[in-house]
Amino acid sequence: MQKQKGHIGVTTENIFPIIKKYLYSDHEIFLRELISNAVDATQKLKTFGSVGEFKGELGELTIQVRFDEKKKTITIVDRGVGMTAEEIDKYINQVAFSGANEFLEKYKKDANAIIGHFGLGFYSSFMVAEKVEIITKSFREGAQAVKWTSNGDTEYTIEEAKKDDRGTEIILHIDDENKQFVDKNEINRLLKKYCRFLPVPIALGKKTEWADGKEKETGEDNVINETNPLWTRKPADMSDEDYATFYRDLYPMSDEPLFHIHLNVDYPFNLTGILYFPKIKRNVEVQKNKIQLYSNQVYVTDSVEGIVPEFLTLLHGVIDSPDIPLNVSRSYLQSDGNVKKISNYITKKVADRLEEIFKNDRKTFEEKWDDLKLFIEYGILTEEKFAERAMKFSLVKNCDGKYFTFDEYRDLIKTNQTDKDGNLIYLYSTDKEAQFSFIEAASNKGYDVLMMDGYFDTHFVNHLEQKLEKSRFVRVDSDIPEKLIAKEEQNELKLTADQRDELTTVFQSQRPEMSKAHFIVTFEALSENDSPVMITQQEFMRRMKEMSAMGGGMSFYGELPDSYNLVLNGNHPLIARITERVETSVGEKLTGIRSRITSLEGRRGELETSHKKMKDEEVPQAEKEELSDINKKIDEQKSKKSTLLKEFAANEKLVSQLIDLALLSNNMLKGEALSKFVKRSIELI
Ligand code: ADP
Ligand code: MG
């Protein structure tokens, strides 16, 4: 054969400068592309061997990767099927595509999409090389070895070559911009990243050993890959330890996983893989380890968004499928029918596995629940199909550390925690320490309290209220124990309106000084055994603020101060004692003021009733003046009264003491206020 020249069959003027220009970010994938071609060629040869089309010896099949720092070359050598001149022409020269420029413009950021679209795997070598040589000899009997050379424009030459061995040798002359790739560590890194689990051995030079203080090459190939990774083997042949070891190989820095699932389907699509449930740290954002996606054991990516539902991206492990269109853009992936099926399949398998463990080994399931919870709640919140399944095995934990399914829990609280309107009230705590006294008070009433202190629990509580019929979730400190679950019978309040009014002033004047907090005095008729003063926070407002803090779009609520109720137990002896003290210390002066106010209000009432019957202009001027005078006097008296009561409150240690005790049981007494409290307590003793 004569040396020939020709044009590579592309319809656009010059594809290579375009490839170079647009594929700047993913240059390193050239090695993956060339090695997977070498693997394909080797596998093809094995297939030909097994069907009798190839009758020779397979022999050594290891793919060799070599480099020469001086010549700036990287060479990939395989002993696969090789190519004839005709095959080179067909598979390498005739790059068929159309509308190239338009497509490149659209996907310029996505090298995978471009390479996949045009079948440009081989040509990705021009991202890093100024010249590429292929020296190849077909496995077919009597084949002539050929050498193909191109400088990365549309010109190539093809000529006869001398090559004893069947197979293909690709020599890349790396250009200056990419010379960092001609480096042992760099090549090793790329091989480890993309080729770690390829099915044919790949060797980077020879193994070395230390002898006489020097590193010397041995005769043995330095094979960098595991040709038979765990997910390609039969689950029956593997032990738990095998799965654990494989996990450590993949994620050396991680804690032991909780469970694994071995995926294996061949119809209607092809998919194998192993997924692990990791111990997820509270902060989901810092999730670094990811599921790795492979196509026939070639690493493709670890961003699986769009292929598996979002909550499954929290899992670790590998998925291998030649049926996922790997070389296309993300937006395409999301609408791909195959991808949808695969995603549904994985979701189903994950639910199957969890249900299986739940059914067969409830004890283990409960032991690992705290670590699994985040994952399962995330799934329930975001994936309808998973939620349907998971509600059967999802657990809740109460403050005593016992676990229940939703059905079991409903049965537990049904009798005691149904309110007068027939709603089932789920009490929960978000902080066992801070809400201790409320939890205790609730248990004293025979109520059960759930622990809801997880990352997603604020959202999860809202979600459950919508899912579970006639059910409400109430945080245990959102009201006094008597009112957490509204029942028919109510105690009667023993205080008069005047007494309530005066106590409000007394307590309001001693309320704690806190920025962004706001206290309202209210009264409840509780029993003598309940606390005299309590602090509660409204459920609705608190949840809105929490959602806003998590970025739930309620920023308006986030700006508002925390609003607390300072609840006085009107039937408690200590509250009665304060009313008595008011009487003994300022009662005399108050009586005068009270009767003056009563008579002024009486006269005002008279005037107002008579004025109601008249038109404005008919009201005598004298009476108008009298009315405004009365209002002024009432205000004066009230302000006198208020001053008296505030003076009283400031000197009455019992008032501050009761407020502080309430703050203390909510874990809200801090700093200076706390040390004042301690001093005062000692004085009182
Ligand atoms: P793809 O691998 O998707 O077919 P490539 O551009 O990577 O696209 O390769 C084009 C074709 O060139 C391959 O299908 C194969 O026929 C041929 N080829 C590439 N590399 C080799 C090789 N090392 N041995 C034999 N044939 C090869
Ligand atoms: Mg290829």
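Please refer to the structure higher up on the page.
Residues numbered from 1 in each chain as written. Chains lettered and ligands numbered in written order. Predicted model: local features only at pLDDT ≥ 70, side-chain atom pairs only at ≥ 80, totals over all residues. Heavy atoms only, no water.

Draft legend 1. Main features of the overall build of the chain. Scanning the chain from N- to C-terminus turns up 22 helices and 22 strands. In the chain, buried positions account for 49% of the 685 residues. Considering only contacts within the chain whose residues lie at least 6 apart along the sequence, 71% involve residues at least 24 apart. (Helix = DSSP H or I, 4+ residues; strand = E, 2+ residues; numbered from the N terminus. Buried < 20%, exposed > 50% of the residue type's maximum accessible area, 1.4 Å probe, protein only. Contact = heavy atoms within 4.5 Å.)

Draft legend 2. Here's a closer look at the sheet that holds strand β15 (residues 395-398). Across the sheet, which stays open at both edges, the five strands sit in the order β16-β15-β18-β17-β19 with mixed pairing between neighbours. Each end of this open sheet is capped by a strand with a single partner; those strands are β16 (403-405) and β19 (471-475). This sheet shows a mean twist of 45° between the axes of neighbouring strands, independent of strand direction. Pairing of β15 with β16 involves three bridges; the strand directions are antiparallel. Of the residues in β16, the one forming a bridge with K397 is Y403. Set on the sheet, helix α14 (residues 457-467) makes contact with β17 (424-429) and β19; between it and β19 the angle comes to about 155°. (Pairing = 2+ DSSP bridges. Axes fitted to C-alpha atoms, helices over the stretch in contact; angles between N-to-C directions.)

Draft legend 3. Structural view of the sheet that holds strand β12 (residues 292-295). Ordered by their spatial adjacency, five strands build an open sheet running β10-β11-β14-β12-β13, and the pairing between neighbours is mixed. Single-partner strands in this sheet number two, and they are β10 (259-265) and β13 (298-301). Geometrically, the sheet is characterised by an average inter-axis angle of 20° between neighbouring strands, direction not taken into account. In the sheet, β12 pairs with strand β14 (residues 316-320) via three bridges, with the strands oriented parallel. Paired with L293 across the bridge in β14 is I319.

Draft legend 4. Just the packing of aromatic side chains, in detail. Inspection of every chain in the model, using the stated rule, returns 33 aromatic pairs. Taking 6.0 Å as the distance between ring centres and 80° as the angle between the ring planes, the aromatic pair formed by F259 and F277 counts as edge-to-face. With F259 in strand β10 and F277 in strand β11 (residues 271-277), this pair connects stretches of sequence that are 18 residues apart. We note that F259, like F277, is buried. Between the aromatic rings of F277 and F375, the centroid separation amounts to 5.1 Å while the plane-to-plane angle is 90°, which identifies the pairing as edge-to-face. Taken together, the residues F277 in strand β11 and F375 in helix α10 (residues 362-382) connect sequence positions 98 residues apart. Take F277 and F375: they sit in the same class, and that class is buried. (Phe/Tyr/Trp six-rings, centres within 6.5 Å; stacked < 30°, edge-to-face > 60°.)

Draft legend 5. Inspection of the packing of helix α2 (residues 29-50) against helix α6 (residues 184-194) at higher detail. Remark: α2 packs on α6, axes separated minimally by 9 Å, with the N-to-C direction vectors making an angle of 65°. Every pair of crossing elements has a handedness; the one defined by α2 and α6 is right-handed. Of α6, the residues touching α2 (which contributes I29, F30, L31, R32 and I35) are I187, L190, L191 and Y194. Residue composition of the contact of α2 with α6, by class: eight nonpolar, no polar and one charged. (Left-handed = near helix turned anticlockwise from the far one by under 90°. Nonpolar A, V, L, I, M, F, W, Y, C, P; charged D, E, K, R; others polar.)

Draft legend 6. Spotlight on the pairing of β13. Judged from the three bridges that link them, β12 and β13 form a sheet pairing that is antiparallel. Paired with L293 across the bridge in β13 is T301.

Draft legend 7. Structural context of the pattern of salt bridges. In the structure shown here, the tally under the stated rule is 43 salt bridges. R581 serves as the salt-bridge partner of E652, at 2.9 Å between the closest nitrogen and oxygen. Here E652 is found in the loop between α20 (621-651) and α21 (653-665), whereas its partner R581 is found in helix α19 (residues 573-612), with 71 residues between them in sequence. Taking the relative accessible area as the measure of exposure, E652 reaches 9% and is therefore buried. Here K653 makes a salt bridge to E683, at a shortest N to O gap of 3.1 Å. (Salt bridge = Lys/Arg side-chain N within 4 Å of Asp/Glu carboxyl O.)

Draft legend 8. Geometry of the nonpolar core. Core analysis: the largest hydrophobic core is formed by 60 residues, its most contacted members being F277, I346, V350, L354, F365, F375 and I376. Split by domain, this core shows at least three residues from each of two domains, domain 2 (230-364) and domain 3 (394-484). In this structure F277 touches P257, L258, F259, I261, L315, V350, L354, L372 and F375, once residues within four positions along its chain are discounted. Core analysis: the second largest hydrophobic core is formed by 57 residues, F30, I174, Y194 and V318 among them. (Core = buried A, V, L, I, M, F, W, Y, C linked by side-chain atoms within 4.5 Å. Domains from an automatic or database assignment.)

Draft legend 9. Layout of helix α22 (residues 671-684). In this model, α22 (14 residues) spans 20 Å end to end at C-alpha, consistent with the 20 Å of a helix rising 1.5 Å per residue. Inspection of α22 places F677, R680 and S681 among the buried residues, and these make up the whole buried set. For α22, the arc enclosing every buried residue in end-on projection is 105°, short of the 170-degree limit, so these residues lie on one face. What points out from α22, more than 90 degrees from its buried face, is the exposed set G671, E672, K676, K679, I682 and E683. Check the buried side of α22 and you find it contacts α21. (Expected span 1.5 Å × (residues − 1). Arc of directions from axis to C-beta.)

Draft legend 10. Expanded view of the side chain of T84. Mapped onto the elements, T84 comes out in the loop between β3 (73-78) and α3 (85-93). Setting aside residues up to four positions removed in sequence, T84 forms contacts with S138 and V146.

Draft legend 11. Looking closely at unusual backbone geometry. Following Y267, the chain continues into P268 via a peptide bond in cis, with omega recorded as 0°. Looking at the element boundaries, P268 is found in the loop between β10 and β11. The phi dihedral of K470 falls on the positive side, at around 40°, and the residue is not glycine. On the secondary structure map, K470 appears in the loop between α14 and β19.

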